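Architecture and fold: a report
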Amino acid sequence: MELSSPTDANTHHKYREYNFNISIFWSPYLVKTEKTDPNDITRPFNLYLDEYDRNWISHIEGFDYVIISAGQWFFRPTYFHLNHSLAGCLYCPEANVTHLTSSFSYRQSFRTAFHAINEAKNFKGITYLRTFAPSHFEGGEWDKGGDCTRTRPFKRNETLLDDLSSRMYSIQLEELKTAQEEAWRKNGLKFRLFDAKKPMLLRSDGHPSKYGHWPVQNVTLANDCVHWCLAGPIDSWNDFLQELLKRETQNDKRLFK
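Read on for a plain summary of the structure. None of these values were measured; they are calculated from a predicted model.

Our focus in this paragraph is the packing of helix α2 (residues 102-119) against helix α3 (residues 163-186). Following both chains from N to C, one finds α2 and α3 inclined at 25 degrees, their axes separated by 9 Å at the closest point. If you check the angle between α2 and α3, you find them roughly parallel. Between α2 and α3 the crossing geometry is right-handed. Along the contact surface, α2 presents Ser102, Ser103, Tyr106, Arg107, Phe110, Arg111, Phe114, His115, Asn118 and Glu119, while α3 presents Leu164, Arg167, Met168, Ile171, Gln172, Glu174, Glu175, Leu176, Ala179, Glu182, Ala183 and Lys186. Looking at side-chain class alone, the contact of α2 with α3 contains nine nonpolar, five polar and eight charged residues.

And the structure:
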């Protein structure tokens, strides 16, 4: 049963026969965010890196599981705010603003999001961090003709994670550890790793490439080597998640024997 309206960026589904609900919240930066142009999603965003995104944090208290993830949006032009002041930017034209990296906002956003979960008074569920899934542009950057035309997965020894993706992945692991330590001190909440990085690194064949958008006459659009085909490799995430949930249940049973 679909509970959300067609114009709602968030979706909510209720499966009454299974006593199961699922909600998907659109929060690409995890923290409080504002568009610089309300009518144009391609324009830079203002990120308030130390402020919670109430759009999702206000809804999780009754949830049994929360899966948190974020990635490619952090490479877009953005303005960074801390302590109610402009702290810097990424790819902004202003010379008088401190130019920072995507790693800066990525770390701050995950730190704030995890802290928000630890501060949620009535949340007793388990949080899974779904790790960074790399893009697969070859032959150039995304805006310089890069493409992903492979028709089979890489073998394990055929590819490595690039430096930037590796850095983003490391930040996630570091902030997850910080969240786990905070939970251990404060409330005993469980934070778990849902590691999709390694299997997805091998799946350069799973992106839509030029088929990721409708053909537009006399317009050249970038190939899509970021998003994933459906059906496609990310269907395996359902299996990964099911296994993680099964292990959690089995661990609980052992504790109460």
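Once you've had a look at it, read on.
Summarising the sheet, strand β1 (residues 11-15) and strand β2 (residues 20-24) pair through five bridges and their orientation is antiparallel. The residue bridging histidine 12 from the neighbouring strand is serine 23, located in β2. Between β1 and the antiparallel strand that follows it, β2, lie four residues; asparagine 19 among them carries a positive phi value of about 55 degrees.

Time to look at α2. Residue pairs three or four apart in sequence face the same way in an α-helix, which turns once every 3.6 residues. For α2, spanning 18 residues, the distance from its first C-alpha to its last is 26 Å, which sits close to the expected 26 Å at 1.5 Å a residue. Of all 18 residues in α2, 14 are buried, a share of seventy percent or more.

Turning to the pairing of strand β7 (residues 85-90), a few remarks are in order. If a strand is regular, its side chains alternate between the two faces of the sheet. In this sheet, β7 lies alongside strand β6 (residues 78-82) in antiparallel orientation, the contact comprising five bridges. Within the sheet, the bridge partner assigned to leucine 82 lies in β7 and is serine 85. With antiparallel pairing between neighbouring strands as the criterion, β6 and β7 make up a hairpin whose turn holds two residues, including asparagine 83 at a positive phi of roughly 55 degrees.

Criteria and cut-off values
Residues numbered from 1 in each chain as written. Predicted model: local features only at pLDDT ≥ 70, side-chain atom pairs only at ≥ 80, totals over all residues. Heavy atoms only, no water. Axes fitted to C-alpha atoms, helices over the stretch in contact; angles between N-to-C directions. Helix = DSSP H or I, 4+ residues; strand = E, 2+ residues; numbered from the N terminus. Parallel < 35°, antiparallel > 145°, perpendicular 65-115°, else oblique. Left-handed = near helix turned anticlockwise from the far one by under 90°. Contact = heavy atoms within 4.5 Å. Nonpolar A, V, L, I, M, F, W, Y, C, P; charged D, E, K, R; others polar. Pairing = 2+ DSSP bridges. Expected span 1.5 Å × (residues − 1). Buried < 20%, exposed > 50% of the residue type's maximum accessible area, 1.4 Å probe, protein only.

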